[in-house]
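Structural characterization, general
Okay, here's what each chain looks like letter by letter:
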Amino acid sequence: MKNDDDKVSAVPPQVPSEAKREIMLHGIPASPGIAIGVALAVGDGDRVSLEPESHPITESEVPNEINRFTAALEKTRLQIMDLQKRVQSSLQASEASIFDAHLLIVDDKVLTQEVVSEIRKRLQSANVVFCEIIRRYIAAISGVDDQYLKERASDVADVAYRILENLNGQERQLLDHLPGQRIVISRDLTPSDTALLDRENVQAFATETGSRTSHTAILARSMKIPAVVGLNGICGQIHNGDMLIIDGFLGAVILNPRQETLELYAQKEAFKEQLYNELQRESSLIPETIDGYRIQLAANIDNVNNLDDILSSGAAGIGLFRTEYLFMANKIPTEEEQFEVYRKIASAMNGQATIIRTLDLGGDKLSSLLNISHDPNPFLGLRSIRLCLAYPELLIPQLRAILRASAFGNIKMMFPMVTCEDELDKLLEILESVRKELRAEKKKFDEEMEIGIMIETPAAALFADHLAKKADFFSIGTNDLVQYTMAVDRGNEKVANLYRPAHPVIVMLIHRIVQAAEKAGIWVSVCGEMASDPRFIPLLVGLGVQELSMSPVSLGMARRVIRRLKMYEAESLAEKALKCTEHAQILDMSDELLHRIAPDVVSLAMKGG
């Protein structure tokens, strides 16, 4: 990567000038912390294009093109392995394991065979064929509904650029040696760019693309580098030498800060760092209200490599283990492969609960493996539990693996996206059949393992009374519940303002779900983003939610809010919210309560409403 002058050059800090207007830009807080310093703008001018011009070849050139491609793959593999070793030497093993996914892409035999076949068939250069195929892969992953999986497209692109650079004989220019203390500004930073940042001199970074759950953000948090992402157009506004403030707590970038702003942020930096460290030290405290009501705080994880974060966070177990990553390497994992992953988690959690969610993918993501035709609307199509019921070869091995792993720890299982009672009946029927098979095979499992369902649609919420009679617990997936109820794709910037977790109808649905659960004598968890937003925690507690599950990094704030809260305050807030007709009213009441009970947490609250 290069800056605007095609090289990284020293730029003396600029003194804030009153002639330059102070501008605040808002993005997504990716890594906490505050940095004050000088911008270093880096661009994508040196990055190879994923849309090369057509380059026909002759039959006699085919073997050479195939050899070039396989050589590029091997060189890329060695580079990634070297990168992984470098990361392992300075960060935790879980961060280095991010690059396991990169190696899986390089070693993907389906991808390799497809490229080789198309080179022979179409008589086009390896560059052209590889780019066309990899663009299709990236588009497919980018179109997935699950935000975590959608963000894995950046990993595929990162590997693709490496392969193309090696095909072209290019060397990637890294940001591992900077001319001094700088704040890096870029359209994008790939995970490998981030892992090799000059940690002595990178004060912070801000990018146009990205999200909190991208691997780039995960690495930034591990490296303790403040970061803000999702800042559309920032590269056109900030240039080398500009004075900046990066607020990784709030997701703000301040360009040309005034002297009083600089002084204010210097004070804030000291206070926020102190508070963040305090929250880390409080991880052993019990999350209960002042008047003694305990709320379970659990963690959401995406793969087995996040276990260290869970164990050090003070979480009371895992409230959501997403199994989708096991199915994203262009092969369906075997029962044994899944069993080993689930067993490892169960054993590592030392008796604490682990809730494993069965596969929650759209059929379009496994179309090449299952011979599924194109789904015109994956969001409303053959996805999640519908896909698993249609293809038992996906569901049954996973059920067997989860059941077998339950003999090694406190495992619970839940089915996502249940909308109809007959769906649940069929799932429970298949589950009982699997249990009988395991008994016949003399394989041990927990006969009393709890089986829950995710409530993610208005249909399930409105029918919760009936579903509660057949489940051991509910887990409310607020992300999808809000999207389906409000008919809004939160990833679509044109309508994102209508994605309103505090809308009265959402509060009413959550209330209805909790009431149905209480009537049936089962418990309720929330594992969507509402659970980790400090403003909504008192509301959810007041509505009767008993467990909140979130990213480990958010547990400290949630714990402090709960420990500053009185149950009657939470119940009063919920009662008033149920009478509101505007989401702004509920937000105002929630903000007022949070400011009153935990003003120190307000400055760390990082979610939108």
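This one's a predicted model, so the numbers in the text were calculated from it and none came from an experiment.

Two elements in contact, helix α24 (residues 567-577) and helix α25 (residues 583-597), have axes whose closest approach is 10 Å; the angle formed by their N-to-C orientations is 165 degrees. The angle between the axes of α24 and α25 places the two elements in the roughly antiparallel class. In this structure, the crossing between α24 and α25 has a hand that is right-handed. Every residue of α25 that contacts α24 at Glu569, Leu573, Lys576 and Ala577 is listed here: Ile586, Met589, Ser590, Leu593, Arg596 and Ile597.

The next subject is the pattern of salt bridges. The tally for this structure, following the rule as stated, stands at 34 salt bridges. Two residues, Arg122 and Glu132, come together in a salt bridge whose shortest N-O distance is 2.4 Å. Within this pair, whereas Arg122 is found in helix α4 (residues 109-122), its partner Glu132 is found in helix α5 (residues 126-142), the two being separated by 10 residues in sequence. A residue is classified by how much of its surface remains accessible, and Glu132, at 30% relative accessible area, is partly exposed. A salt bridge links Asp480 to Arg383, with the nearest nitrogen and oxygen atoms 3.8 Å apart. Of the two residues, Asp480 sits in helix α20 (residues 478-486) while Arg383 sits in the loop between α14 (367-370) and α15 (384-390), which places them 97 residues apart along the sequence. Here the two residues Asp480 and Arg383 agree in accessibility, since each one is buried. The structure contains a network of salt bridges with shared partners spanning Glu335, Glu336, Arg400, Arg404, Glu437, Glu441 and Lys443.

With that settled, consider the sheet that holds strand β13 (residues 411-415). Taken in spatial order, the 8 strands close into a barrel running β10-β11-β12-β13-β14-β15-β16-β17, and their pairing is parallel. Each strand of the sheet is rotated relative to its neighbour by a mean of 25 degrees, with strand direction disregarded. In the packing of helix α21 (residues 504-520) onto the sheet, contacts are made with β14 (451-455), β15 (473-476) and β16 (523-526), and the angle to β15 comes to roughly 170 degrees.

Tracing the chain through its elements places Ala217 in helix α9 (residues 215-222). Ala217 gets classed as buried once you look at its relative accessible area, which sits at 1%. Considered as a pair, Ala217 and Ala227 are 10 residues apart in the sequence and their alpha carbons are 7.5 Å apart. Those residues in contact with Ala217 that lie beyond four places of it in its chain are Ala30, Ser211 and Arg212.

Attention now goes to the nonpolar core. The biggest cluster of nonpolar side chains holds 105 residues, and the ones touching the most others in it are Tyr342, Phe415, Ile453, Phe474, Ile510 and Leu548. No other element matches α21, which puts 8 residues into this core. Ile453 has contacts with Met414, Phe415, Val418, Leu424, Leu467, Ala471, Phe473, Phe474 and Ser475, leaving out every residue within four places of it along the chain. With 54 residues, the next largest nonpolar core counts Leu40, Ile141, Ala153 and Ala217 among its residues.

Let us now look at α4. In a regular helix each residue adds 1.5 Å, so 14 residues correspond to 20 Å; α4 covers 20 Å between its end C-alpha atoms and thus fits that length. Those residues of α4 lying buried are Leu111, Thr112, Val115, Val116, Glu118 and Ile119. The arc that holds every buried residue of α4, seen down its axis, measures 165 degrees, which confines them to one face. Opposite the buried face of α4, by more than 90 degrees, sit the exposed residues Lys109, Gln113, Arg120 and Lys121. The N-cap of α4, judged by a side-chain oxygen 3.0 Å from the amide nitrogen of Val110 a few residues on, is Asp108. Following α4 by one or two positions, Leu123 has its phi on the positive side, about 55 degrees.

This paragraph deals with the packing of α20 against α21. Between α20 and α21, the least distance of the axes is 10 Å, while the angle of their chain directions is 125 degrees. Relative to α21, α20 is oriented oblique. Crossing geometry of α20 relative to α21 is assigned as right-handed. Along the contact surface, α20 presents Leu481, Val482, Thr485 and Met486, while α21 presents Val505, Ile506, Leu509, Ile510 and Ile513. Partitioned by chemical class, the residues of the contact of α20 with α21 number 8 nonpolar, 1 polar and no charged.

Let us now look at the packing of aromatic side chains. One pass over the full model with this rule turns up 4 aromatic pairs. With a centroid separation of 5.8 Å and an interplanar angle of 45 degrees, the aromatic rings of Phe69 and Phe130 are classed as tilted. Here the residue Phe69 occupies a position in helix α1 (residues 62-90), and Phe130 occupies one in helix α5, the gap between them amounting to 61 residues. The exposure class assigned to Phe130 is buried, which follows from its relative accessible area of 0%. A centroid spacing of 4.6 Å and a plane angle of 15 degrees characterise the contact between Phe473 and Trp523, whose relative ring orientation is stacked. Residue Phe473 is found in strand β15, and its partner Trp523 is found in strand β16; the two are separated by 50 residues along the sequence.

Let us look at the confidence of the model for the protein chain. When pLDDT is low, close inspection of the predicted coordinates is not appropriate. Scored by pLDDT, the protein chain has a mean of 85; 86% of the residues are at 70 or more. Here residues 1-18 is modelled with pLDDT under 50, and outside its nearest four sequence neighbours on either side it reaches 46 contacts, counting other chains as well.

A few words now on the pairing of strand β11 (residues 318-322). With respect to burial, β11 is a largely interior element, 5 of its 5 residues being buried. Across 3 bridges, strand β10 (residues 296-301) lies against β11 in parallel orientation. Across the sheet, residue Asn300 finds its bridge partner in β11, namely Leu320. Bridge analysis of β11 against strand β12 (residues 354-357) gives 3 bridges, and the strand direction is parallel. Paired with Phe321 across the two strands is Ile356, which belongs to β12.

A few words now on the environment of Ser532. Position of Ser532 relative to the elements: it lies in the loop between β16 and α22 (537-543). What makes Ser532 buried here is its relative accessible area of 8%. Separated by 22 residues in sequence, Ser532 and Ser554 place their C-alpha atoms 5.9 Å apart.

Tracing the backbone shows Asp600 in helix α26 (residues 599-602). Asp600 sits in the buried class, given a relative accessible area of 15%. In this structure the side chain of Asp600 is engaged in a polar contact, spanning 3.1 Å, whose partner is the side chain of Arg564. In contact with Asp600, not counting residues within four places along its chain, are Phe271, Leu275, Arg560 and Arg564.

Reading the values: the criteria
- Every residue gets a number counted from 1 within its own chain, in the order that chain's sequence is written.
- Only residues with pLDDT of at least 70 are given local features in this predicted model, and only at 80 or more are side-chain atom pairs given and counted; all residues enter the totals for whole chains, interfaces and linings.
- Computation of side-chain values: all heavy atoms of the structure, hydrogens and water removed.
- Angles here are taken between N-to-C directions and fall from 0 to 180 degrees, while the axes themselves are lines fitted to C-alpha atoms, restricted in helices to the stretch in contact.
- Secondary structure counts use DSSP, requiring at least four H or I residues in a row for a helix and at least two E residues in a row for a strand, with both numbered from the N terminus.
- Here the angle decides the label: under 35 degrees means roughly parallel, over 145 means roughly antiparallel, 65 to 115 means roughly perpendicular, and every other value means oblique.
- Note on convention: near helix rotated counterclockwise from far helix by under a right angle means a left-handed crossing. Clockwise means right-handed.
- Note on contacts: a residue pair qualifies if any of its non-hydrogen atoms lie within 4.5 Å across the two residues.
- Salt bridge criterion: a side-chain nitrogen from Lys or Arg within 4 Å of a carboxyl oxygen from Asp or Glu.
- Exposure categories follow from relative accessible area, calculated using a 1.4 Å probe and restricted to protein chains: below 20% of the type maximum is buried, above 50% is exposed, and the middle band is partly exposed.
- When DSSP finds at least two bridges between two strands, those strands are taken to pair.
- Among the buried residues, those of types Ala, Val, Leu, Ile, Met, Phe, Trp, Tyr and Cys that are joined through side-chain atoms within 4.5 Å form a nonpolar core.
- An expected span of 1.5 Å times one less than the residue number is assigned to each helix.
- Note: the arc covers the axis-to-C-beta directions of the helix.
- For this analysis, a polar contact is any N or O atom pair within 3.5 Å, provided that within protein one partner can donate a hydrogen and the other can accept it, and provided that sequence-adjacent residues contribute only side-chain to side-chain pairs.
- Polar here means any residue other than Ala, Val, Leu, Ile, Met, Phe, Trp, Tyr, Cys and Pro, which are nonpolar, and Asp, Glu, Lys and Arg, which are charged; Gly is therefore polar.
- Any pair of Phe, Tyr and Trp rings, taking the six-membered ring for Trp, is counted once the centres come within 6.5 Å. Such a pair is stacked with planes under 30 degrees apart, edge-to-face with planes over 60 apart, and tilted for the rest.
- Residue-level confidence of the predictor is what pLDDT reports, using numbers from 0 through 100.

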